[in-house]
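Breakdown of the fold
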Amino acid sequence: SQTIHQWPATLVQPVGSPLSLECTVEGTSNPNLYWYRQAAGRGLQLLFYSVGIGQISSEVPQNLSASRPQDRQFILSSKKLLLSDSGFYLCAWSVNSRSYGYTFGSGTRLTVV
Amino acid sequence: SQQGEEDPQALSIQEGENATMNCSYKTSINNLQWYRQNSGRGLVHLILIRSNEREKHSGRLRVTLDTSKKSSSLLITASRAADTASYFCATYLNAGNNRKLIWGLGTSLAVNP
């Protein structure tokens, strides 16, 4: 069956420290992968999406970057975190958005202090 | 910019009542999707309705789509306390190779026992 793993669930990091959040998908091949951020009580902001290995599209200029080193692995990174990077980060995958919805990971609550 | 806009922003009802949430969008779509998010968790896909469909059912959920008015509604019948969550609509556009959803800001539903 298809599953998505996202970790860690919570993270507290000091300003200026690096960040690496990982997301892996099982049970499917060549998925479209997405990183979203959600501020408290708000909707989803698309940060990055990828349609294949090494292919990354950035939606919002920011302090973050993404990489897709393997077909089912999507990594969100930062070299130096800012306070404004705090939020709830969600990874998602889809195969065919014309017919199927997205499957989301359980999210990572990042607090930058 | 947000494509979908849900209303109301917040809804509080008693268990057993029906809950109706609405979503409006601006441009031509391929499909519209509804998701649920429990507090602090990832989103769960509920229903996808295509632009050539007018109504769709899944258990206690009923979704309608009116492309002439560019609007959709989600009806939850006989609500339960477990339905307490935020509900988001998202649209998949008819634009070329676009592979991303456009999200609304969500409706927060509270079902009181």
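Positions within a chain are numbered from 1, following the residues in the order the chain's sequence is written. Written order determines the labels here, with chains lettered from A and ligands numbered from 1. Totals for whole chains, interfaces and linings use every residue, but because this is a predicted model, local features are given only for residues with pLDDT of at least 70 and side-chain atom pairs only at 80 or more, for both listing and counting. The basis for every side-chain value is the complete set of non-hydrogen atoms in the structure, without hydrogens or water.

Points about the overall build of chain A
Note the following rule: The way it works is that DSSP assigns letters per residue, a run of H or I at least four long becomes a helix, a run of E at least two long becomes a strand, and they are numbered from the N terminus. Each radius of gyration is computed over the set of C-alpha atoms, and the globule rule expresses the reference value as 2.2 Å times the number of residues to the power 0.38. Whether a residue is buried, partly exposed or exposed follows from its accessible area with a 1.4 Å probe, protein chains only, as a fraction of its type maximum: under 20%, in between, or over 50%, in that order.
The helix and strand inventory of chain A stands at 0 helices and 11 strands. Secondary structure elements of chain A, listed N to C terminal, follow the sequence β-β-β-β-β-β-β-β-β-β-β. Taking 113 residues into account, the globule formula puts the C-alpha radius of gyration at 13 Å, and chain A, at 13 Å, falls close to it. Taken along the three principal axes of its C-alpha coordinates, chain A extends 40 × 30 × 25 Å. With 113 residues in all, chain A has 48% of them scored as buried.

Quick word on the sheet that holds strand β7 (residues 61–66) of chain B
All names here are of chain B. Selection rule: Any two strands between which DSSP finds at least two bridges are classified as paired. Each axis is a line fitted through C-alpha atoms, and for a helix only the stretch in contact is used; angles between axes span 0 to 180 degrees, taken between their N-to-C directions.
One open sheet holds the 5 strands; their spatial order is β1-β3-β8-β7-β6, and the pairing between them is antiparallel. The sheet is open, and its two edges are formed by β1 (5–7) and β6 (55–58), each paired on a single side. Taken over all neighbouring pairs, the strand axes of this sheet differ in orientation by 15 degrees on average, direction set aside. Sheet topology places β7 next to strand β8 (residues 71–76); 6 bridges connect them, and they run antiparallel.

Things to note about the environment of Ser17 of chain A
Residue and element names in this part refer to chain A. The condition that has to hold: Residue contacts are defined here by distance: any two heavy atoms, one from each residue, within 4.5 Å place the two residues in contact. We define a polar contact as two N or O atoms separated by no more than 3.5 Å, with the added condition that, inside protein, one atom must be a possible hydrogen donor and the other a possible acceptor, whereas residues neighbouring each other in sequence contribute only through side-chain atom pairs.
Along the chain, Ser17 falls in the loop between β2 (10–13) and β3 (19–26). As a C-alpha pair, Ser17 and Val112 span 95 residues in sequence and 9.0 Å in three-dimensional space. Ignoring any residue separated from it by four or fewer positions in sequence, one finds Ser17 in contact with Lys79, Lys80 and Leu81. At a separation of 2.6 Å, a polar atom in the side chain of Ser17 contacts the main-chain carbonyl oxygen of Pro14.

Section: the state of the cysteines
Residue and element names in this part refer to chain B. The criterion, for reference: Criterion for a disulfide: a pair of cysteine sulfur atoms within 2.5 Å.
Applying the stated rule across the entire model yields 2 disulfides over all chains. Bridging Cys23 to Cys89, the disulfide has an S-S length of 2.0 Å. The chirality of the disulfide connecting Cys23 with Cys89 is right-handed, given an S-S dihedral of about 65 degrees. Highlighted residues: Cys23 in strand β3 (residues 19–24) and Cys89 in strand β9 (residues 85–93), separated in sequence by 66 residues. Each member of the pair, Cys23 as well as Cys89, carries the same accessibility label: buried.

Here we look at the sheet that holds strand β1 (residues 3–7) of chain A
Residues and elements named next belong to chain A. Read across the sheet, 4 strands follow the order β1-β3-β8-β7 without closing on themselves; strand pairing throughout is antiparallel. Of all the strands in the sheet, just β1 and β7 (65–70) have a single pairing partner and so form its edges. Across the sheet, the axes of successive neighbouring strands diverge by a mean angle of 20 degrees, strand direction being ignored. Here β1 pairs with β3 via 5 bridges, running antiparallel. Paired with Trp7 across the two strands is Glu22, which belongs to β3.

A few points about the interface of chain B and chain A
Interfaces are often sized by the accessible area lost when the parts come together. Worth spelling out the cut-off: Summed over both partners, the accessible surface that disappears when two parts come together, traced with a 1.4 Å probe, is what is meant by buried area. Counted as salt bridges are all cases of a side-chain nitrogen of Lys or Arg within 4 Å of a carboxyl oxygen of Asp or Glu. Charged means Asp, Glu, Lys or Arg here, nonpolar means Ala, Val, Leu, Ile, Met, Phe, Trp, Tyr, Cys or Pro, and polar covers whatever is left, Gly included.
Counting residues at the interface gives 23 residues for chain B and 23 residues for chain A. Summed over both sides, the interface between chain B and chain A buries roughly 1800 Å², with carbon and sulfur atoms accounting for 51% of that surface. Across the contact surface, chain B and chain A share 0 salt bridges. Linking chain B to chain A there are 4 residue pairs in polar contact (both at pLDDT 80 or more). Mapped onto the side of chain B that touches chain A, the elements with two or more residues apiece are β4 (29–37), β5 (43–50), β9 and β10 (101–103) of chain B. With 5 residues, β4 of chain B is the single largest residue contributor to the side of chain B that touches chain A. Of the residues contributing to the side of chain B that touches chain A, the split by class is 8 nonpolar, 11 polar and 4 charged.

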